[in-house]
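Remarks on the overall topology
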Amino acid sequence: MSLIDAKNLTVRLDGHEILTNVSIRIEAGEIVTILGPNGSGKSTLLRTLLRILPVAEGEVTQAKNLRVGYVPQRLAVDRSMPMTVRRFLSLPLWVGDADAAAALRQVGVPEVTEQQLTELSGGQFQRVLLARALLARPQLLMLDEPTQGLDQPGKTAFYRLIKEIRRETGAAVLMISHDLHAVMAASDRVIYLNGHICCEGTPQIVSTAPEYHALFGFGLQETLALYRHAHDNGHTELVHHNHAEHGHA
Amino acid sequence: MLNDFLIRASLAGVGLSLATGSLGSFVVWRRMAYFGDATAHAAILGIALALATDLPIGTGTLAVALTMAVTVSTLATRGWAMDITLGVLAHSALAIGLVAVSFISEARTDLQTYLFGDILAVSQGDLGFIWGGAVLVLGLLVWRWQPLLTSTLNTDLAYASGLNPNREQLVLTLALATVVAVALKVVGALLIGAMLIIPAAAARGVARNPEGMAILATLIGAGATLAGLQLSLWQNTPGGPSIITVATGFFVLSASLGKMRRR
């Protein structure tokens, strides 16, 4: 059974339709990346799958007792609540000191244990969020732009870590990212989202889709060559949705 | 021993602190100060209702405070302009309550008691009500502690962990209404909000973790009660306001300590 099976989701926020007829399924152990321009509904999709946001149409089915480790894009911590990193890792389930230390070591910030959450830098906080997510022993990790605030070597190390976690724990990963090359290297499947799913497939297939090149701005020659190649293998037809109808290049 | 009014007063204040320390911390973390005021002020209306219908005061205040707390909580989830709405509710509840009380002759004479409490006149029966309510609230908060903290820190993280933040909000709403009913005799409708917020705010200056802050707020609340009662006896000042005055002293001390430490 799939970890998450969402069918024909339409989501409206404040009267605006953010997602239209989106279907997505996450299977155990796969790494799926969502790409798309700003405002394309990527975070909204993640939050809908977590049942934070209500759907206008369609339905989200989660596997029974699904354990999710969620790393939001931003987490505003109110200064009124004192909270050390160590204490934060024990929310909502108490974890032992050894497990907490191991998780922080795994994500590369073993030194912050006794610091207040509000004292952390952006990159440190992002890693602490990941450590907390891992401590839930998740079957599915959901990461919303987890590498923001990291430098290039940091990003590369991060994707290596994600693959390592998948290998060790068997957890599936659904993430939003802009780091093209790392995404291509670390993902089993890529979904290109822009209000609806424009195309999806293996990184190789999606990388040849025209939307993708509009987003990342590759040379035209290269785009055409790859696109032709994609059409040759006959796969893009299956996954390519009607983007013309939605009025974008 | 319970015959001594001062001992009963001390026990009443310490009992109340057991609930207000933790609940007050949540009020501070969730920025529910106005929420607390609106609910507390509604208690005056509850008194009028109880006197008019011959219900016990405790039942009347609990019923009206609960109605107000649920109303405010519901409006909050609908995303109304909370600041203004709560301001309107808090002050109008007080005004309407006072108007209603003025129609009841036996209540008019006791008006000051309802507004500022009458801790030195706490009876053994009152003590039972105060301790019963306070222990109930503390038990509820301890039981839901981890989910409450998670939803308070971030509702998205709570949802992702399979929790329902709306249910936790309801827990706090119930606790708040109970505390209002319990605190009325001790500090009065006008100062319940102060008893919730000031000890917690004082504890914030020095605490490193949520539990530390809640426990410290409880101790500060209890300490302020005992010292405030002494002040009240010594200078013949009103009990409730004396307690809050001492608590404010703790807040100033803690704020200065915090500032020195950051330097």
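The structure reproduced in this document is the subject of the present report.

Rules and cut-offs
Residues numbered from 1 in each chain as written. Chains lettered and ligands numbered in written order. Predicted model: local features only at pLDDT ≥ 70, side-chain atom pairs only at ≥ 80, totals over all residues. Heavy atoms only, no water. Helix = DSSP H or I, 4+ residues; strand = E, 2+ residues; numbered from the N terminus. Contact = heavy atoms within 4.5 Å. Areas by Shrake-Rupley, 256 points an atom, 1.4 Å probe, with all protein chains shown as cover. Pairing = 2+ DSSP bridges. Axes fitted to C-alpha atoms, helices over the stretch in contact; angles between N-to-C directions. Expected span 1.5 Å × (residues − 1). Buried < 20%, exposed > 50% of the residue type's maximum accessible area, 1.4 Å probe, protein only.

What follows deals with the overall build of chain B. If you tally the helices and strands in chain B, you get 13 helices and zero strands. Summarising the internal contacts of chain B: among those between residues at least 6 apart in sequence, 76% fall at separations of at least 24. Accessible surface for chain B amounts to roughly 11,300 Å². Of this, 67% is attributable to carbon and sulfur atoms.

Attention shifts here to the sheet that holds strand β9 (residues 197-201) of chain A. Residues and elements named next belong to chain A. The mixed open sheet is built from six strands, whose spatial order is β5-β6-β7-β3-β8-β9. Every interior strand has two partners, whereas the edge strands, β5 (68-71) and β9, have only one. This sheet shows a mean twist of 10° between the axes of neighbouring strands, independent of strand direction. As judged from the four bridges shared by strand β3 (residues 31-35) and strand β7 (residues 172-176), these two strands associate in the parallel manner. Of the residues in β7, the one forming a bridge with Val32 is Leu174.

With that settled, the discussion passes to helix α11 (residues 192-204) of chain B. In a regular helix each residue adds 1.5 Å, so 13 residues correspond to 18 Å; α11 of chain B covers 19 Å between its end C-alpha atoms and thus fits that length. Most of α11 of chain B is tucked away: 11 of the 13 residues are buried.

Residues other than glycine predominantly adopt negative phi, and peptide bonds predominantly adopt the trans conformation. In this structure, Pro92 of chain A follows Leu91 of chain A across a cis peptide bond, with omega equal to 0°. Among the structural elements, Pro92 of chain A can be located in the loop between α2 (85-89) and α3 (97-107). The phi dihedral of Asn65 of chain A is positive, around 55°, even though this residue is not glycine. Topologically, Asn65 of chain A is positioned in the loop between β4 (57-62) and β5. Residue Asp54 of chain B is not a glycine yet carries a positive backbone phi of 60°. On the secondary structure map, Asp54 of chain B appears in the loop between α2 (33-53) and α3 (57-77).

This brings us to the sheet that holds strand β1 (residues 4-13) of chain A. Residue and element names in this part refer to chain A. Spatially, three strands are ordered β2-β1-β4 in an open sheet, and the strand pairing comes out antiparallel. The sheet terminates laterally at β2 (16-26) and β4, the two strands that pair on one side only. Across the sheet, the mean angle separating the axes of adjacent strands is 25° when strand polarity is ignored. Alignment of β1 against β2, held across seven bridges, turns out to be antiparallel. Each residue of the ladder has a partner; that of Ile4, found in β2, is Ile26. Across the sheet, helix α1 (residues 42-49) touches β1, β2 and β4, and the angle it forms with β1 is around 120°.

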